[in-house]
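A look at the structure
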Amino acid sequence: MQLQEDGTSRDMGIDVARRMNALNARFYRENAASFSQTRRSGWPGWERCLAEFERGDGTAADSHSAVRDTACHVLDLACGNLRFARFLADAGLKSVFYLGMDDCPELAEGASPPDAWDVSLRRLDIVSALLAGGLREELCAATARAWGGATSGPTAADLAVAFGFLHHVPTHAARLALLRAMLAATRPGGTCCVSFWKFMSDERLAAKASATTREALAELGMPGDELGTGDYLLGWQDVPGAWRYCHSFDDAEVDGLLACLGGAARPVARFCSDGRSGDLNAYVVLRRL
């Protein structure tokens, strides 16, 4: 949506945020099969994220990097149909303790993670946990349960990722809380990678998002000013009533989120990738301090 008259951004209230989360839960539950069919391959940006993770362990970022032969713990938030796990396996990571968390188990139906991996899947409504202020505790408890008995080492993640998810997190405060929770569940020296969808930077997608938002608001009986700056309602394959809440990021918002992380992490890479234009997602790679 647009800025307020004084030029500042606005955010939705907590009740609207919960409604948006419920809208998304319904969308994925009802459209899991068709959505999953369009999300089979990895994104180009993941290649650089993996390279930055490998550099963080002091190894060369190539196909023979030692990190690919060393056991590592991976936390995948909003793991969906496990395509990031398949990407890592295809990249040659052989010994992985993988914890995937999502609120839509239907997306993972039929997924087949590598047999040699130690795979744990946990159902969690991540956005509800964020809005309630409890995600940090949930993640730390989940990693301890998944990995505490599997290894003698730490139970924190070496690599924590959230790809294609932050745009479903309503409110600036919750988005910041997600980043902080991910870092809390990552070991010192570990890597966090996140993507920020910038669909309003694409003229065609922006026009479509504005149109579907108007249509969805009318159908849902919602006034437009209940949404925040950058908030939209998108459709899906012309399916009637298949609305999902999405937030479009710009550079200034990403700057603000990173500035609020304080001394918890330092950015080691920031770049754009993906989509036909090659820049539909902004990526940030953080090293936990």
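Computed from a predicted model, the values in this text were never measured in an experiment.

This brings us to the sheet that holds strand E3 (residues 118-123). The strand order across the open sheet formed by seven strands is E3-E2-E1-E4-E5-E9-E8, and the pairing between neighbours is mixed. Only two strands of the sheet have a single partner each, and these edge strands are E3 and strand E8 (265-273). Neighbouring strand axes in the sheet, compared pairwise and without regard to direction, differ in orientation by 15° on average. Bridge count between strand E4 (residues 157-162) and strand E5 (residues 186-197): five bridges; the pairing is parallel. Among the inter-strand pairings, Ala157 is bridged to a residue of E5, identified as Thr186. Seen against the sheet, helix H6 (residues 172-184) touches strand E1 (72-77), E4, E5, E8 and strand E9 (281-288) and runs at an angle of roughly 150° to E5.

A few words now on unusual backbone geometry. Its identity as a non-glycine residue notwithstanding, Thr171 has a phi of 80°, on the positive side. Mapped onto the fold, Thr171 is located in the loop between E4 and H6. Given the relative accessible area of 10%, Thr171 is considered buried. Unlike most non-glycine residues, Gln237 shows phi in positive territory, near 50°. Examined against the element boundaries, Gln237 turns out to sit in the loop between strand E6 (231-234) and strand E7 (244-247).

This part covers helix H2 (residues 44-56). Within H2, burial applies to Gly45, Trp46, Cys49, Leu50, Ala51, Glu52, Phe53 and Glu54. Looking at the buried residues of H2, the elements they touch are E1, helix H3 (83-91), E4, E5, E8 and E9.

Turning to helix H8 (residues 251-259), a few remarks are in order. Among the residues making up H8, those that are buried are Glu253, Val254, Leu257 and Leu258. Taken end-on, H8 shows its buried residues confined to a sector of 135°, consistent with a single buried face. Opposite the buried face of H8, by more than 90 degrees, sit the exposed residues Ala252 and Ala259. The inward-facing, buried residues of H8 abut H6, E5, E7, E8 and E9.

Calculation rules
Residues numbered from 1 in each chain as written. Predicted model: local features only at pLDDT ≥ 70, side-chain atom pairs only at ≥ 80, totals over all residues. Heavy atoms only, no water. Pairing = 2+ DSSP bridges. Helix = DSSP H or I, 4+ residues; strand = E, 2+ residues; numbered from the N terminus. Axes fitted to C-alpha atoms, helices over the stretch in contact; angles between N-to-C directions. Contact = heavy atoms within 4.5 Å. Buried < 20%, exposed > 50% of the residue type's maximum accessible area, 1.4 Å probe, protein only. Arc of directions from axis to C-beta.

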